[in-house]
Amino acid sequence: MSRMRPNVRILAAVLAAALVVAGCSTPATHAPLSNTPESARSAAPASSTTAASERGEVLRATLANGLRVVIVRDTLAPMVTTQVTYLAGGYETPAGLPGTAHALEHMMFRDSSGLSGAQLNEITAKMGGENNAFTTNDATQFYFVAPSAYLDILLEIEAHRMRGALLTEKDWDAEKGAIEQEVSGDIADPGYRAFIEAERTLYAGTGYAEDPLGTRPSFDRTTAQTLRKFYDSWYQPGNAIFVIVGDVDPAATLERVKALFGGIPSKPVPARTAVALAPVEPRTIEMTTPHGTGTVQFLYRMPGMMARDYAAAQVLIDVLGNPRSALQELAAQGKVLSAAADTQPFSRGGIAAIEVGFAKGGDAKEAQRHLDGVVGALLERGVPPELVEAAKRSEEAQFEFNRNSAVDLASAWSQALAWQGLDSPAAALRDIEAVTPADVDRVAHEFLRADARVVVVLTPSETGERAANSRGFGGSESFGGTESLDVALPAWAAAPLARLEAPHWTLDPTRMTLPNGITLIVQPESVSRTVTVVGHIDHDPSLQEPAGKEGAGRVLAGLFDYGTTTLDRSAFHKALDDIAATESAGTDFGLAVLSRHFDRGMQLLADNELRPALPAQAFSIVQNTTSRALAGELRSPRYRTFRALRQGLLPARDPHLREATPATVDALTLGDVKGYYASVYRPDLTTIVVVGDVTPAAAREVVQRWFGGWTATGPRPDVVPPRVPVNGPGYAAVDNPYSGQDEVIMAQMLALDLANPDRYAIELGNDVLGGTGFASRLMADIRIRHGYAYDARSALSIDRSRAVFYVSYASDPDKVPAADALVRENLERMRSQPVTESELANARQYEIRSIPVGVSSVNRIARALATWSYRGEPLDQPMVAAKHFLALSADEVRAAFTKYVKPDDLMQVVQGPVPKAH
């Protein structure tokens, strides 16, 4: 429930579609292991300043006003993350006003004493930082990620907000519409509505019964006085935890924290109401969904994060998620389309969700019988002890992998202290290590009861109802305001941000070419005892799948789960479990493993990537499930939206207009899939990046040992799509009967590619237009001044032969024409007038100062190096870009927009209710 969530449904999908249009393929993210909550039991200490070393520099203190501070030195990158967590969430909200904590979260980004909301937005952009917040049932967290040189600015911001939020009626009137539109977007999802109904059943009569997101009626009843009372009651230093992780001096940072926060007065917070649980009344919730596939979910009440049994409950969920579990076998055997287990934990409760997927037109009752069989067998036979041990090893490995990211490490500390009531993440790990199979069985029998669960059935349907109160705005309501983009900054921010220079580049990778053509890149890092591998095979299914064989790549991708020619599915996943490794194979492949198991992990990765089993029985299963899934996906609003977008942007018969259908998938043979593998999977098109606790020489030896025998046959294929002309204007409306808002995409192909230096002028101009959130023109005009949409963004996707520019927003149907007009007006302004010197400076600062943030974790480093390499860019591409950004003038930005961006040629797709006018 972030305060300014860019419409993730639009932006994530737009980017995915744009990458396809542009012919770009980025390496997948290979998260080491699931970053899931661990256990909770002991209370956090109330000590004075203490120093503790947990294989790193950790400094902890409790100030005189009760503020708890944790500072961890992490030198992976010159950046820092700050996380301030207030121990107040949905549970503490007043009766009848469930969204109060969420509303206050939003208001903390408005005006405070000595810091206006406009100043906060501009400071964030100028730092090249990222900021946001989220509200849970138990706590609310505000976080920043920024270059460590600006730590003092981050501390000033949080000190001003801690007790200085103004919370005026004027600001609340302006923000209320924004939060109501955020809620509107969420409740349009039947899955979310079903979950909040389940919450009310599982936690009836408690503060957990209502989701902290809130409702439109509750926000209509909320006043600034309501928010002030909640703020004064709960936002106290003694009720907050401040975690700082990054390239900082812990002792000096603590002194600065004391100077800024030590004098903030505090008072005791109200007593929390005990959680009095009533017996669960079992029920079934049935809804239709616009998604292409359906789900059956079993939702259970679970132990809270502060409960003694939380560690065992987490291991139980990990066991269910293990590829060797009976639940995952349902999908592997083709009995269901998918299977998953997860938890939504609270401090004093939680909800487990165990689910399976079924095809559109499929039998939900049969899927439920399969799920009942798995849970019943688990309770009857007990959890497999070997899977319990595998889960514990995975959690232990995750503890080490958290060191690979300052954000992950800070989150682990915040979670342990704020949500779990523990002394440190190490305490959570100790609870995991103590779990036995008997503990897991006991928790399963206590909580996975058929007479105490909620069953949710979501059935795909092209007809549905919009949720009540799903309109973002009603009548004349608006959240528009008059804030200016260009504001004078406080002295404590203006002085440090006045001088702009390129940051120190911290990466020094070694690039090698192996005898078989593999490009190997190694970046040693010593922050943890782990190694992360990201691999990418340069390819394009639209160019490489034979005619009539569309979908061969997708079917092949589903077959890698079935083991290798030397290890069957179960044996292969057991081998990974034995070393607590996460592995994935395909055209984007990867490995995350403890460094002591690097050699074995690479052996298993190579075995899967180079010698997949591709068994005939598994082929039949994957072919069938893929075909059934496609039958629903092709009818879904999301798919039809991006199909319409591609058709509007690309010329007829362009290879990227090809699509897999049930018919093309059904026509495939195992020989077709093997042939596709043989032609696409080539070492001379492969990049492997190794980052972590390993030297370049050692990495080369291991990669050569396991991948060196891989050879290519036949001529190297051209996998870069042909250039296309700039599209003409177009419009398409895709009805989504579930949505009360219109999701709008306005896009255009650009006559650009990565080799064209004009890309930098377009990128800098895009930052001014809509690429920097609240500090951009589109947000200022469409949201802040006019209140037509909660979020408005522009973005670029530029690859080796194609480029796409697009704008996206979501608003009520009757506001789409006015919002469109503002988009076009802003585009014409970018073309006809130079951006101001202040705007140009802000954009430069954002791009250049964000460079350390872009490579601030091991995963980010690995993905970036792989992408730069296979796209033919230098391995210090951000520094190359920085030189261009520093040299560009405002008129050069205008000239680039005039040359490439044609507002009259935009292709527009609207998903949702049909707008009143076009």
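What you see is a predicted model, and the numbers here were worked out from it, not measured in a lab. (Residues numbered from 1 in each chain as written. Predicted model: local features only at pLDDT ≥ 70, side-chain atom pairs only at ≥ 80, totals over all residues. Heavy atoms only, no water.)

Undergrad: Please give an account of the overall build of the protein that cites residues and values.
TA: Looking only at helices and strands, the protein features 34 helices and 23 strands. The C-alpha radius of gyration of the protein comes to 27 Å, within 12% of the 29 Å expected for a compact globule of 918 residues. If you line up the protein on its principal axes, its C-alpha atoms span 70 × 70 × 60 Å. Considering only contacts in the protein between residues 6 or more positions apart, those separated by 24 or more positions represent 84%. Split by element, the accessible area of the protein, about 31900 Å² in all, is 52% carbon and sulfur. (Helix = DSSP H or I, 4+ residues; strand = E, 2+ residues; numbered from the N terminus. Rg over C-alpha atoms; globule rule 2.2 N^0.38 Å. Contact = heavy atoms within 4.5 Å. Areas by Shrake-Rupley, 256 points an atom, 1.4 Å probe, with all protein chains shown as cover.)

Undergrad: Tell me about the sheet that holds strand β8 (residues 283–289), and please be specific about residues and values.
TA: Reading across the sheet, the 5 strands line up as β8-β12-β9-β11-β10 and stay open at both edges, with mixed pairing between neighbours. In this open sheet, the two strands that pair with only one neighbour each are β8 and β10 (338–346). Between one strand and the next, the sheet's axes are offset by a mean angle of 20°, whatever the strand orientation. Examined bridge by bridge, β10 and strand β11 (residues 349–359) share 9 bridges and lie antiparallel to one another. Residue pairing for β11: Ala-341 is matched across the bridge by Ile-354. Of the strands in this sheet, β8, β9 (293–301), β10, β11 and β12 (453–460) are in contact with helix α6 (residues 190–202), which crosses β8 at around 170°. (Pairing = 2+ DSSP bridges. Axes fitted to C-alpha atoms, helices over the stretch in contact; angles between N-to-C directions.)

Undergrad: Please provide a residue-by-residue account of the nonpolar core, values included.
TA: Ranked by internal contacts, the top residues of the largest apolar core, which has 63 residues, are Ile-123, Met-127, Ile-153, Tyr-235 and Phe-261. Considering each element in turn, this core owes the most residues, 7 residues, to helix α4 (residues 151–164). Excluding its chain neighbours within four sequence positions, the residues that come into contact with Phe-261 are Leu-63, Asn-65, Leu-67, Leu-155, Glu-158, Ala-159, Met-162 and Phe-242. Leu-754, Leu-827, Leu-865 and Leu-888 belong to the second-largest nonpolar core, a separate cluster that totals 62 residues. (Core = buried A, V, L, I, M, F, W, Y, C linked by side-chain atoms within 4.5 Å. Buried < 20%, exposed > 50% of the residue type's maximum accessible area, 1.4 Å probe, protein only.)

Undergrad: Quick rundown of the environment of His-656? Include the residues and the values.
TA: Mapped onto the elements of the fold, His-656 is located in the loop between α23 (637–649) and α24 (662–666). Judged by its relative accessible area of 3%, His-656 is buried. A distance of 2.8 Å separates the side chain of His-656 from the side chain of Asp-540, its partner in a polar contact. A distance of 3.1 Å separates a polar atom in the side chain of His-656 from a polar atom in the side chain of Arg-802. (Polar contact = N/O pair within 3.5 Å; in protein donor to acceptor, adjacent residues only side chain to side chain.)

Undergrad: Tell me about the side chain of Arg-569, residues and numbers included.
TA: Here Arg-569 shows up in helix α20 (residues 569–578). A polar side-chain atom of Arg-569 sits 2.9 Å from the main-chain carbonyl oxygen of Pro-323.

Undergrad: Describe the pairing of strand β22 (residues 803–811), naming the residues involved and giving the relevant values.
TA: Burial analysis of β22 places 9 of its 9 residues in the buried class, which makes it a mostly covered element. Of the two faces of β22, the one holding Ala-803, Phe-805, Val-807, Tyr-809 and Ser-811 and the one holding Val-804, Tyr-806, Ser-808 and Ala-810 are both buried throughout. In this sheet, β22 lies alongside strand β20 (residues 742–750) in antiparallel orientation, the contact comprising 9 bridges. In the sheet register, Ala-747 faces β22, and the bridge partner there is Tyr-806. Where strand β21 (residues 792–798) meets β22, 7 bridges bridge the pair, whose relative direction is antiparallel. Among the inter-strand pairings, Ala-795 is bridged to a residue of β22, identified as Tyr-806. Linkage of β21 to β22, two consecutive antiparallel strands, is achieved through a turn of 4 residues.

Undergrad: Tell me what's going on with helix α13 (residues 385–401), and back it up with residues and numbers.
TA: The terminal C-alpha atoms of α13 lie 24 Å apart, and with 17 residues this matches the ideal 24 Å at 1.5 Å per residue to within 8%. Those residues of α13 that are buried are in contact with α10 (310–321), α15 (425–433), α16 (437–447), β15 (530–537), α20 and β17 (588–594). (Expected span 1.5 Å × (residues − 1).)

Undergrad: Any chance you could break down the environment of Ser-542 for me, citing the residues and the numbers?
TA: One can find Ser-542 in helix α18 (residues 541–544). In this structure, the C-alpha to C-alpha distance between Ser-542 and Leu-657, residues 115 residues apart in sequence, is 8.0 Å. Among residues more than four places away in sequence, those in contact with Ser-542 are Pro-655, His-656 and Arg-658.

Undergrad: Talk me through the pattern of salt bridges; I want residue IDs and the actual numbers.
TA: This structure, assessed with the given rule, holds 56 salt bridges. Residue Arg-783 pairs with Glu-175 through a salt bridge whose shortest N-O separation is 3.1 Å. Here Arg-783 is found in helix α28 (residues 777–785), whereas its partner Glu-175 is found in helix α5 (residues 169–187), with 608 residues between them in sequence. On the accessibility criterion, Arg-783 (3% relative accessible area) is buried. Here Glu-175 falls in the buried class, since its relative accessible area comes to 4%. (Salt bridge = Lys/Arg side-chain N within 4 Å of Asp/Glu carboxyl O.)

Undergrad: Outline the packing of aromatic side chains, supporting the account with residue identities and numerical values.
TA: Under the counting rule described, the total for this entry stands at 21 aromatic pairs. On the basis of an interplanar angle of 10° and a centroid distance of 4.1 Å, the ring pair of Tyr-86 and Tyr-235 is categorised as stacked. Residue Tyr-86 is located in strand β4 (residues 79–86), and its partner Tyr-235 is located in the loop between α8 (224–234) and β7 (240–246); the two are separated by 149 residues in the primary sequence. Residue classification places Tyr-235 among the buried positions, given a relative accessible area of 0%. Through a chain of ring-to-ring contacts, three or more aromatic side chains come together here, namely Tyr-86, Phe-109, Phe-142, Tyr-231 and Tyr-235. Between Arg-348 and the ring centre of Tyr-91, over which it is positioned, the NZ or CZ distance is 4.3 Å. (Phe/Tyr/Trp six-rings, centres within 6.5 Å; stacked < 30°, edge-to-face > 60°. Lys NZ or Arg CZ within 6 Å of the ring centre and 35° of its normal.)

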